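# Understanding the architecture of this molecule
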Amino acid sequence: MSHRYLDESLDLDDVRPGARVEVTGDEARHAVAVSRLRVGERVSIGDGRGRVVEGAVTAAEPRRLEVEVDDVRDEPEPAQRLTLVQALAKGDRDELAVQAATELGVDRIVPWSATRSVSRWEGPKAEKGRVRWATIVREAVKQSLRSRIPAVEPVAATRELPVRLAGERMLLLVPGAATPLAGIRPDGRDLALVVGPEGGMDPAEIERLVEAGAEPVRLGESVLRTSTAGPAAIAVLSVALGRW
């Protein structure tokens, strides 16, 4: 199935094979005008909350897509959720990290205003930045054919992270840390991976988070950019969690 479309306003709970599902607005316009879907082609439609229906297109109009459902699937929430705490970074490096992390299966994203973050989300810019990341996440979900859209939370300061991540196992990605990430074994708690900006985390920041229960871990001997460190670590953790 190469085409997936999302409509979070849909109620697919009672949909069964034989029913018809309709997508309208911009999502339908993209399907018909950009992807050039035609009657008879197979697509999948999700509600972003785990339910996906598949079937053949029965109507392809400029702002209306209709599908006759022949298959319905549900993807349960993972037993252990994986959160990416991504520091704000210059350029589009944080956005690249968020996009790749979504494709790789992250379940929640927390933007982090780290001490060394060059980029700052303050005032109206904070919500604008969150919405921008949420849009990137949504498109990555469609591209990777995921059925659940990870939440993108409001930006957090360092002092807020222990509260935001309460009950989760917090892993700090720190070059040179004694513990290799590949050696981490799940203990039943949700995992929260904390990735610093270009230039790394401030030592005082690391100390503060460690005092709150965080565990410093390393990927390897090389130092990765913030745009690649998080996704690489998520791949490692996906193996540990048995997702891959």
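What you see is a predicted model, and the numbers here were worked out from it, not measured in a lab.

A tally of helices and strands in the protein chain yields 6 helices and 12 strands. Relative to the globule expectation of 18 Å for 244 residues, the C-alpha radius of gyration of the protein chain, 20 Å, shows essentially globular dimensions. Overall size of the protein chain, expressed as C-alpha extent along the three principal axes, is 60 × 40 × 30 Å. Of all 244 residues assigned to the protein chain, the portion counted as buried reaches 47%. Here the protein chain contributes 35 positively and 39 negatively charged side chains, and the mean placements of these two sets differ by 3 Å.

Right, let's talk about the pairing of strand β11 (residues 191-195) for a bit. Judged by how many residues are buried, β11 sits mostly within the fold: 5 of 5 residues are covered. In β11, alternate side chains face the same way, and those of L191, L193 and V195 on one face and A192 and V194 on the other are all buried. Note that strand β6 (residues 82-87) and β11 share 5 bridges and pair parallel. Considered in β11, the bridge of L82 is made with L191. Where strand β10 (residues 169-173) and β11 come together, 4 bridges link them in parallel fashion.

Another point: the packing of aromatic side chains. What the rule picks out here adds up to 1 aromatic pair. On the numbers, 5.0 Å between centres and 75 degrees between planes, the contact of W121 with W133 is edge-to-face. Linking W121 in the loop between β7 (108-113) and α3 (124-143) with W133 in helix α3, this pair joins segments that are 12 residues apart in sequence. When sorted by exposure, W121 lands in the same class as W133, which is buried.

Rules and cut-offs
- Residues numbered from 1 in each chain as written.
- Predicted model: local features only at pLDDT ≥ 70, side-chain atom pairs only at ≥ 80, totals over all residues.
- Heavy atoms only, no water.
- Helix = DSSP H or I, 4+ residues; strand = E, 2+ residues; numbered from the N terminus.
- Rg over C-alpha atoms; globule rule 2.2 N^0.38 Å.
- Buried < 20%, exposed > 50% of the residue type's maximum accessible area, 1.4 Å probe, protein only.
- Lys, Arg positive; Asp, Glu negative; His and termini not counted.
- Charge placed at Lys NZ, Arg CZ, Asp CG, Glu CD.
- Pairing = 2+ DSSP bridges.
- Phe/Tyr/Trp six-rings, centres within 6.5 Å; stacked < 30°, edge-to-face > 60°.

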